[in-house]
Number of protein chains: 2
Amino acid sequence: MTQVLLLQTLKSAQLAQLKSQFPQVTFLTETPVKTELKNINVLFGYRKTVLDQILAQSNHLQWIQSISAGVDYFPLASLKQQHILLSNTSGIHAQPIAEWVIGILLSYYRGILNAQVRQAQQDWQRRPDELAELGNRHLLIFGTGQIGQRIATLAHAFGTTVTGINHTGHAAPGFDQTVAMTNYAAALAQADVIVNALPLTTATTNYFNQTFFQQLTTQPVFINIGRGPSVNEPDLQIALDQGQLQFAALDVQQTEPLPATSPLWHQAHLLLSPHVSGIVEHFKDAVYPILSNNLTQFLKDGTLAERQVDLDKGY
Amino acid sequence: MTQVLLLQTLKSAQLAQLKSQFPQVTFLTETPVKTELKNINVLFGYRKTVLDQILAQSNHLQWIQSISAGVDYFPLASLKQQHILLSNTSGIHAQPIAEWVIGILLSYYRGILNAQVRQAQQDWQRRPDELAELGNRHLLIFGTGQIGQRIATLAHAFGTTVTGINHTGHAAPGFDQTVAMTNYAAALAQADVIVNALPLTTATTNYFNQTFFQQLTTQPVFINIGRGPSVNEPDLQIALDQGQLQFAALDVQQTEPLPATSPLWHQAHLLLSPHVSGIVEHFKDAVYPILSNNLTQFLKDGTLAERQVDLDKGY
């Protein structure tokens, strides 16, 4: 009998639906004791202690359905070695993340962030020179997956020009043009906004560092909604202090939660948020069909129907 | 010889272009003494003391080109009585105002305003229940002119449903549906967001008052980018305190600059800004073609080519 351990809660109606649709499956909502973890065949969600205990012993784990788009926090090499499949929820976070990115840009360009600060100071003075419009801007988005595409499409509705950057420069929906990672100098020279929407891999770790920031000539806005370790935080602070960047917003940081000792808390021209851009309003409704669809096929032939992660590439 | 008094500065290249294109016109950039104001035929821009002095004496003023969309601050009855034409810049503010409105909604729904406050407190805690997505919302926009249309079009790109309200319920571009001012109860019962984009007239003064707010059942967000006197501020404060509204943003207020004594400064769930939503990034470039086009026709036959205000309606 297939055992599925639900580390992420479902709505009670969803759980009832699973039990009715898959009578041959045992759905566990309480984590079993360590010695019984070896009998789990499927994990839904992630908890480090549970997964570590499973992988450390001889086990029957065959598939993990994650509830995030990025899967960098999984031990990908171990999963590959033990022939465990991994699927993600790539795509469902695209709309909320894109809304967050556009929200950052509009709240910065239209003076909304400053307005909130000045309201507390009873300061009503108008400073028109601080204001700009998104519509006139050129965006450069690193990563042309579903998140990058949704950012591009929404930004485009405002009248921006959007360039996407990916490995080969292959075309992607929503972008005015796409260029290769090795060939973006011309696009960078026109960029008003740089967005990191790359997955975290060895190639993208520490990618936005001093070498990158020192190329900048247009004093762009920088936004990270990918993963914290893609940005070298001390180098970002220097770029903000030296004016290579005019403003930055980091929804993700190198260490999360951000430690109280981090100098980022006090950095000027920087907005921090606690890794929330991808929070989906109706999350359980968005994830359930992916789990259900993959489980159906997994029970039939041991393969996955959608969103399987390439364990070598890491996305 | 036609005399044009420029109360609003132009770029030097624009002024040179006007002088070259209209050699029969004298362009004054310094305000003449009171006794010579009577010879002015055209005003570009507004200054209360200047206009009052002109209207108070026998004068030759024939046309005023304003630099705003709303013209409520002009003495419309006097202009009509003295047969003075008035044109506005309706339309050029649509993009920046729409960006401001979408920026308010995204910065509220995606937790950006809270993130800025909590950053100052070194608070990294995630509060997913506070977050929502614009894409799922229903917007109700009072006013279906160019500003309302641009808000509707941009909001629509996010996946919202947008209802417009105008006098007769006539259709307007960008809206999913439009209903008449007398017939919006059904739309109001579904509204997540209410935006005031109405011009200020006797009919819209004090429109958003206790009677209006007490109809609300959905705890919407309220945004005013029209004119301050359309909103009864004490009644708005009660609606926020009693939870008829969950949040409000006022770019315009009853009295501007907002007095230090105003209780609005300390109102919870309210964002204030200093009447900046309509500030156009390349303002002189946007206004110049309107002035030039209207001046060409005015010199030919004394009429205006575009954006003439109906002095009875006030817009």
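Residues numbered from 1 in each chain as written. Chains lettered and ligands numbered in written order. Predicted model: local features only at pLDDT ≥ 70, side-chain atom pairs only at ≥ 80, totals over all residues. Heavy atoms only, no water.

## Let's talk about the domain arrangement of chain A
All names here are of chain A. Worth spelling out the cut-off: Domain start and stop positions are those given by an automatic or database domain assignment. Note on terms: buried area is the combined drop in 1.4 Å-probe accessible area of two parts once they are placed together, counting the loss on both. The term salt bridge refers to a pairing of a side-chain nitrogen on Lys or Arg with a carboxyl oxygen on Asp or Glu at a separation within 4 Å. Amino acids are sorted into nonpolar (Ala, Val, Leu, Ile, Met, Phe, Trp, Tyr, Cys and Pro), charged (Asp, Glu, Lys and Arg) and polar (every other residue, Gly among them).
Taken domain by domain, chain A comprises domain 1 (2-91 + 281-301) and domain 2 (94-272). Between the C-alpha centres of domain 1 and domain 2 the distance comes to 34 Å. For the pairing of domain 1 and domain 2, the buried interface totals around 430 Å² over both sides, and the portion due to carbon and sulfur atoms is 43%. Along the contact surface separating domain 1 from domain 2 lie one salt bridge. Across the side of domain 1 that touches domain 2, the residue classes tally to two nonpolar, three polar and one charged.

## Brief notes about the pairing of strand 10 (residues 221-224) of chain B
Each regular strand shows side chains that alternate between the opposite faces of the sheet. Residue and element names in this part refer to chain B. Formally: Whether a residue is buried, partly exposed or exposed follows from its accessible area with a 1.4 Å probe, protein chains only, as a fraction of its type maximum: under 20%, in between, or over 50%, in that order. Going along the chain from the N terminus, every DSSP run of H or I of four or more residues is numbered as a helix, and every run of E of two or more is numbered as a strand. Each pair of strands is called paired provided DSSP finds at least two bridges between the two strands. The definition of a right-handed crossover adopted here requires that, viewed with the strands pointing away, the path from the first strand over the helix to the second runs clockwise.
Both faces of strand 10 are covered, namely the face carrying Val221 and Ile223 and the face carrying Phe222 and Asn224. As paired strands, strand 9 (residues 193-196) and strand 10 are joined by four bridges and run parallel to one another. Across the sheet, Val193 pairs through a bridge with Val221, a residue of strand 10. Inspection of the sheet shows strand 10 paired to strand 11 (residues 247-250) by four bridges, in the parallel sense. Within the sheet, the bridge partner assigned to Asn224 lies in strand 11 and is Leu250. Traced from strand 10 through helix 9 (residues 233-241) to strand 11, the parallel crossover comes out right-handed.

## Some points on the pairing of strand 9 of chain B
All names here are of chain B. Of the two faces of strand 9, the one lined by Val193 and Val195 and the one lined by Ile194 and Asn196 are each fully buried. Relative to strand 9, strand 6 (residues 138-142) is paired through four bridges, and the arrangement is parallel. The residue bridging Leu140 from the neighbouring strand is Ile194, located in strand 9.

## Looking at the interface of chain B and chain A
As a reminder, the rule being used: Note on contacts: a residue pair is in contact if any heavy atoms of the two residues lie within 4.5 Å.
Each partner contributes residues to the interface: chain B has 55 residues there, and chain A has 55 residues. By the criterion of area lost to chain A, the three top residues of chain B are Gln119(B), Trp124(B) and Trp265(B), representing 18% of everything that side buries. The interface formed by chain B and chain A holds two salt bridges in total. Among the ionic pairs, Glu281(A) bridges to Arg137(B), the shortest N-O distance being 3.0 Å. Contributions of two or more residues to the side of chain B that touches chain A are made by helix 4 (94-109), helix 5 (112-120), helix 6 (146-157) and strand 12 (270-272) of chain B.

## Observations regarding the relation of the copies chain B and chain A
Counted only if it meets this: Least squares is used to superpose the copies, and the fit set is the C-alpha atoms of residues whose pLDDT is at least 70 in both copies.
Screw-axis analysis of chain B against chain A gives a translation of 0.0 Å along the axis, an RMSD of 0.0 Å, and a rotation angle of 180°. What the superposition gives is, in effect, a two-fold axis relating one chain to the other. Proximity to the rotation axis, assessed at the C-alpha, singles out Gly103(B) in chain B; its C-alpha lies 2.7 Å from the axis. When you check the interface residues of chain B against chain A, 100% turn up at the interface there too, and the contact is symmetric in its surfaces.

## Remarks on the sheet that holds strand 9 (residues 193-196) of chain A
All names here are of chain A. Selection rule: Orientation is described by lines fitted to C-alpha atoms, with helices fitted over the stretch in contact, and by angles between N-to-C directions that extend from 0 to 180 degrees.
With respect to topology, seven strands assemble into an open sheet ordered 8-7-6-9-10-11-12, the strand pairing being parallel. Unpaired on one side and paired on the other, strand 8 (177-180) and strand 12 (270-272) mark the two borders of the sheet. Ignoring which end each strand starts from, the neighbouring axes of this sheet average 15° apart. Across the face of the sheet, helix 4 (residues 94-109) comes into contact with strand 6 (138-142), strand 9, strand 10 (221-224), strand 11 (247-250) and strand 12 while running at roughly 150° to strand 10.

## Things to note about the side chain of Asn59(B)
Residue and element names in this part refer to chain B. For the record, the criterion: The definition of a polar contact used here is a pair of N or O atoms within 3.5 Å, where within protein one atom must be able to donate a hydrogen and the other to accept one, and adjacent residues in sequence count solely through side-chain atom pairs.
Residue placement: Asn59 occurs in the loop between helix 2 (48-56) and strand 4 (63-65). A polar contact of 3.1 Å, which involves the side chain of Asn59, links it to the backbone oxygen of Ile54. Residues in contact with Asn59, not counting those within four places in the same chain, are Lys38, Ile54 and Gln82.

## A look at the side chain of Ser107(B)
Secondary-structure assignment places Ser107(B) in helix 4. Among residues more than four places away in sequence, those in contact with Ser107(B) are Ser107(A), Ile112(A), Ile112(B) and Leu113(B).

## Notes on helix 4 of chain B
Residue and element names in this part refer to chain B. Put simply, the test is: In this analysis, the expected span of each helix is defined as 1.5 Å times one less than the number of residues it contains.
If you check helix 4, its first and last C-alpha atoms are 22 Å apart, about what 16 residues at 1.5 Å a residue would give, namely 22 Å. Within helix 4, 15 of the 16 residues are buried, which leaves the element mostly enclosed by the surrounding structure. Looking one or two places after helix 4, you find Gly111, whose phi comes out positive at around 80°.

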